[in-house]
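Spelled out, the chains give:
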Amino acid sequence: MFEFTLEKTSEKSKARAGRIVTPHGEIETPIFMPVGTVGSVKGVAPRELDEIGAQIILGNTYHLHLRPGEDTVAHFGGLAKFNSWNKPTLTDSGGFQVFSLAKLNKIGEEGVEFRSHLDGSKLFLSPEKSIEIQQKIGADIMMAFDECVPYPSEKIYVEKSLELTTRWAERCLKAKTRDDQALFGIIQGGVFPDLRRRSAEQICALPFEGFAIGGLSVGEDIPTMYEIADFITDHMPADKPRYLMGVGTPEDLLNGIERGIDMFDCVMPTRNARNALLFTNSGKLHIKAARYRLSDEPVDAECGCYTCRNFSRGYLRHLYKTGELLALKLNSIHNLHFYLSLVKRARNAINNGFFEDFKKEILDKITFGGD
Ligand code: PRF
Ligand code: ZN
C-alpha cells in the first residue's frame, strides 16, 4: 500500500501540500526526514522523535548491510520494529554512501566494487543486491541504486553516468519482489540542464512510486542548485512525491518547497547540534560562546521544543563545555524540532494560500546559509 495525494498547489509558486500513505502510517508533505544512518537518529529516542513531530526517518542500506547486516534487521521484523520507531521509514540505496565513504570503488555496468570504511574488506553492490538488502531491511520506501557523480565532473562522464543510472533503475524495478514497499527512482545529470532533462524523462517514464533528485548539494553553488531543482520539477509528474536528496539548510528547504519539492533529508540539524550549532527563528546560535555563560534565556523564545521549554542557554552551554551526553540530545531535539516545525508551518501556509509571504518573512529575518 502506497498512495500519494496532492492536496493543494500554491497559485503563486510550485509549492504543494500532500499526503503519503504507507503501511506504517501517513506522512504529511512537505516533510523533512531525520537521518538515522544505522537505524538510530543519533542521541534521540523514538518517543522524542514523536514529540518533535517526525513522521518518517531514514536509514542507510550501506551502513545497515555492514552492521548489523540485513538478515539481523529482517529477523526482528524489519527496521521500524527493530528500532521501535513503528512508523514510516525510508532507506537510501547505498549508492551515494559507497561513493562518499567507501574507498577505492570500481564502477562497472554490473555494479560497484568497494572497500568497507570500517575494516577495508571487499564488498560489491549492484541494483539487484541493493534491492535485496533493502527488501530485508523492509522500509516503506526504498531508493533505486544510482551513481551520484562528484562535482565538478566532465559533461561526457555525467552523460555516461546518467545513462548507467537509468539502466540500473530498470534493473531495480525488475529485482523488486515485495509489493508492500514503494520504490523511488533517482534523477541524476549533474549541473547540465539538457542532461537533467534527459535523466528526468528516462527515470520518470518508469513505474516508480515517487521520484528523487540526486546529485545536488555536492559542491555546486546554491543558486545553481535552486536553478536545477526548479528546472527538473517541471519535468516530473505532479501526481507522485518529489524528494530532494541530502538537502539542506532551512533556507534550502523553503526554496525547495517553493520549487515543488515534497521531501527532504539531511544530517545538518543533527550533526550541527552535536557541534553546538543551533538553528533559531533569528538565525544561527553557537551555544558554546562565552556570552551565553549567564544567559537564562531559552535557545529560541519562539520554539516549543522540550529543550527550549526547560533549559537555559547558560545550562546548555555548560553541558556542552563539560562534554555531557545530554548536550547532544538536547541540542539535537531542538534542531530537529526547528526543521520539523518549519516544514509544518510551510504546509499550513501552503494550505492557507500564504506560503510565499511566509517564506519571505522567515528569510527576511535570517539567512541560514554559510556560517
Ligand atoms: N543519490 C543517493 N542518495 C543521496 C544522493 C544521491 O545523489 C545525495 C546527493 N545530495 C544525497 N543522498 N542515492
Ligand atoms: Zn527549541
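Preceding block: the structure.
Parameters and conventions
- Residues numbered from 1 in each chain as written.
- Chains lettered and ligands numbered in written order.
- Predicted model: local features only at pLDDT ≥ 70, side-chain atom pairs only at ≥ 80, totals over all residues.
- Heavy atoms only, no water.
- Phe/Tyr/Trp six-rings, centres within 6.5 Å; stacked < 30°, edge-to-face > 60°.
- Buried < 20%, exposed > 50% of the residue type's maximum accessible area, 1.4 Å probe, protein only.
- Lys NZ or Arg CZ within 6 Å of the ring centre and 35° of its normal.
- Donors = N, O, S within 2.8 Å, 3.2 Å for Na, K, Ca; no water.
- Tetrahedral: all angles 85-135°; square planar, octahedral: opposite > 155°, others 65-115°.
- Helix = DSSP H or I, 4+ residues; strand = E, 2+ residues; numbered from the N terminus.
- Expected span 1.5 Å × (residues − 1).
- Arc of directions from axis to C-beta.
- Contact = heavy atoms within 4.5 Å.

Caption draft 1: Looking closely at the packing of aromatic side chains. Tallied over the entire structure, the rule returns 11 aromatic pairs. When the ring of Phe311 is compared with that of Tyr315, the centres are 5.7 Å apart and the planes differ by 20 degrees; the resulting orientation is stacked. On the accessibility criterion, Phe311 (18% relative accessible area) is buried. In this arrangement the basic side chain of Lys87 is found over the ring face of Trp85, its NZ or CZ atom lying 5.8 Å from the centre.

Caption draft 2: Expanded view of the coordination of the zinc ion (ligand 2). Within the protein, the atoms that donate to the zinc ion (ligand 2) are Cys303 (SG), Cys305 (SG), Cys308 (SG) and His334 (ND1), at distances of 2.1 to 2.3 Å. In this structure, the zinc ion (ligand 2) is coordinated by 4 donor atoms arranged in tetrahedral fashion, with angles at the metal of 99 to 117 degrees. If you list the donors of the zinc ion (ligand 2) from N- to C-terminus, the spacing comes out as C-x1-C-x2-C-x25-H.

Caption draft 3: The arrangement of helix α8 (residues 193-204) in detail. Under the 1.5 Å per step criterion, the end-to-end length of α8 is 16 Å for 12 residues, consistent within 8% with the ideal 16 Å. Along α8, the residues classified as buried are Leu195, Arg196, Ser199, Ala200, Ile203 and Cys204. Each buried residue of α8 sits inside an arc of 145 degrees when the element is viewed along its axis, so together they form one side. As for α8, its buried residues are in contact with α7 (155-175), β11 (182-187), β12 (210-213) and α9 (222-233).

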